[in-house]
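# Observations on the three-dimensional arrangement
The primary structure of each chain is shown beneath.
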Amino acid sequence: MGTEIGIALVLLTAFAWMAGTLVILSAIDRPERKARRQERRDTRAGEHRRKVEYRPVAAGSRPEGRRRHPRTRKLRPH
């Protein structure tokens, strides 16, 4: 009975040590991740401010009867 308790105690200690290490590493990395996320958000916000203006499509430039993608893709085995 004493051996099983010893093994369980060692495994529990190892699990607690790993969990504690991951929590500490995550806490250290959090400000850096937050800064990167904010930087990406600012970059995307800058892209949305630029508005692209498209020219209108000329009337009759796209035939009504023709599909947009005339050929279907066929699967080819390797």
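The shown structure was predicted, so the numbers you read here are calculated from the model rather than taken from an experiment. (Residues numbered from 1 in each chain as written. Predicted model: local features only at pLDDT ≥ 70, side-chain atom pairs only at ≥ 80, totals over all residues. Heavy atoms only, no water.)

### Focus: the overall build of the protein
Per the secondary structure count, the protein includes 1 helix and 0 strands. As presented, the protein carries roughly 8800 Å² of accessible surface, and 60% of it is formed by carbon and sulfur atoms. (Helix = DSSP H or I, 4+ residues; strand = E, 2+ residues; numbered from the N terminus. Areas by Shrake-Rupley, 256 points an atom, 1.4 Å probe, with all protein chains shown as cover.)

### What about a positive patch on the surface?
A contiguous patch of positive charge, built from Lys34, Arg37, Arg40, Arg41 and Arg44, is present on the exposed surface. Judged by relative accessible area, which is 43%, arginine 41 ranks as partly exposed. (Patch = residues over 30% accessible without salt bridge, like charges linked within 9 Å, V, L, I, M, F, W, Y side chains within 5 Å. Salt bridge = Lys/Arg side-chain N within 4 Å of Asp/Glu carboxyl O. Lys, Arg positive; Asp, Glu negative; His and termini not counted. Charge placed at Lys NZ, Arg CZ, Asp CG, Glu CD. Buried < 20%, exposed > 50% of the residue type's maximum accessible area, 1.4 Å probe, protein only.)

### Focus on the UniProt feature "transmembrane region" (unreviewed entry) in the protein
As recorded in UniProt, the sites labelled "transmembrane region" (unreviewed entry) are residues 6–28. For the annotated span residues 6–28, helix accounts for 100% and strand for 0% of the residues, and the straight-line distance between the end C-alpha atoms is 33 Å. (UniProt positions renumbered as here; feature names shortened; annotations may be inferred.)

### A few points about the pattern of salt bridges
Applying the stated criterion to the full structure yields 2 salt bridges. In this structure, the salt-bridge partner of arginine 33 is aspartate 29, at a minimum N-O distance of 3.3 Å. In this pair, arginine 33 and aspartate 29 are both assigned in helix α1 (residues 2–49), 4 residues apart and thus about one turn of the helix distant.

### Some remarks on a nonpolar patch on the surface
A cluster of nonpolar side chains, Leu22, Ile24, Leu25 and Ile28, forms an exposed patch at the surface whose accessible area comes to about 440 Å². By the element assignment, isoleucine 24 lies in helix α1.

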